[in-house]
Amino acid sequence: MRGEGAGQDDYSAVRSLALRRVGLPLDTRAGALEPNVCVLSRLGKRMVLNEMRSLLRVARQLGARAERLVLETLPLEAQIQRLQRCSVFVGVHGSGLWNAFLLPLGASTVMLQPWGAGHDPALQGGASSLKGSVHAAQGRLIQWHNAHRYPYPYPYPYPYPYP
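Treat the numbers as computed from the prediction; the structure is a model and nothing was measured. (Residues numbered from 1 in each chain as written. Predicted model: local features only at pLDDT ≥ 70, side-chain atom pairs only at ≥ 80, totals over all residues. Heavy atoms only, no water.)

## Describing the environment of Gln84
Inclusion rule: Comment: elements are numbered from the N terminus, with helices defined as DSSP H or I runs of at least four residues and strands as E runs of at least two. Burial status follows relative accessibility: with a 1.4 Å probe on protein chains alone, a residue under 20% of its type maximum counts as buried, one over 50% as exposed, and anything between as partly exposed. Should any heavy atoms of two residues lie within 4.5 Å, those residues are considered in contact.
When you line up the elements, Gln84 lands in the loop between α3 (76–83) and β3 (88–92). Exposure remark for Gln84: the relative accessible area of 7% places this residue in the buried category. Counting along the chain gives 56 residues from Gln84 to Thr28, while the straight-line C-alpha distance between them is 7.9 Å. Contacts of Gln84, omitting those with residues within four sequence positions, involve Arg15, Leu19, Leu24, Pro25, Thr28, Leu33, Leu102, Leu103 and Pro104.

Following this line, the structure appears as structure tokens:
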């Protein structure tokens, strides 16, 4: 993992090592699992307003299980086990989505991008490099761009001054 970032082979090697370490099979396919939408929730940053009432409700209405993942509160082994149950992994653009390489094979990753992110080269570069992580699990990356402008500048100040 040197130079311009990790390649798909690097992610695949780390994926294999992590799954073996936890005792999970390397070939679990998302299509063989009960549909499960996992919403990545971060403590104090990269928040999705009403994530429980919005994203998770929609997943359940579509007949999928849904769970909120707060990975930073879990030991590494538990993080890997929880990620292996996700057929769809949803989160705001950021480092938490790099865990996509630990998803079951064929799982989808949905990256939510804030308003204006499409014009920010740094965020676009992150989206491009995230593809290596997603592809290591033979998955699909879906990018959603928020078209609504918020009255606060991006990046938003913390704590968030939402009305």
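## Quick look at the confidence of the model for the chain
This is how the line gets drawn: On a scale of 0 to 100, pLDDT captures the predictor's confidence in every residue.
Overall, the prediction assigns the chain a mean pLDDT of 79, with 72% of residues at 70 or greater. Here helix α4 (residues 121–136) is the element of the chain with the lowest mean pLDDT, 73, and α3 is the one with the highest, 95. Across residues 157–163, where pLDDT falls below 50, the model places 10 contacts with residues more than four positions away in sequence or in other chains.

## Some details on the nonpolar core
As a reminder of what qualifies: Within this scheme, the nonpolar core is defined by two criteria: the residues are buried Ala, Val, Leu, Ile, Met, Phe, Trp, Tyr or Cys, and they are joined through side-chain atoms within 4.5 Å.
Core analysis: the biggest nonpolar cluster contains 24 residues, and Leu69, Leu83, Phe89 and Leu103 have the highest contact counts within it. Mapped onto this core, the elements with two or more residues apiece are α1 (8–22), β1 (36–40), α3 and α4. A total of 4 residues in this core trace back to one element, the largest contributor, which is α1. If near-sequence neighbours (up to four positions away) are discounted, Phe89 is found in contact with Cys38, Leu40, Leu69, Leu83, Gly96, Leu97, Asn99, Ala100, Leu103, Ser108, Thr109 and Val110. Counting 9 residues, the second largest nonpolar core, distinct from the first, contains Val37, Val39, Ala64 and Val110.

## Structural notes on the state of the cysteines
Counted only if it meets this: Disulfides are defined as cysteine sulfur pairs within 2.5 Å.
Here the structure, examined in full by the defined rule, presents 1 disulfide. The disulfide partner of Cys38 is Cys86, and the gap between their sulfur atoms is 2.1 Å. A torsion of -100 degrees about the S-S bond marks the disulfide between Cys38 and Cys86 as left-handed. Here Cys38 is found in strand β1, whereas its partner Cys86 is found in the loop between α3 and β3, with 48 residues between them in sequence. The exposure classification of Cys38 matches that of Cys86, with both residues buried.

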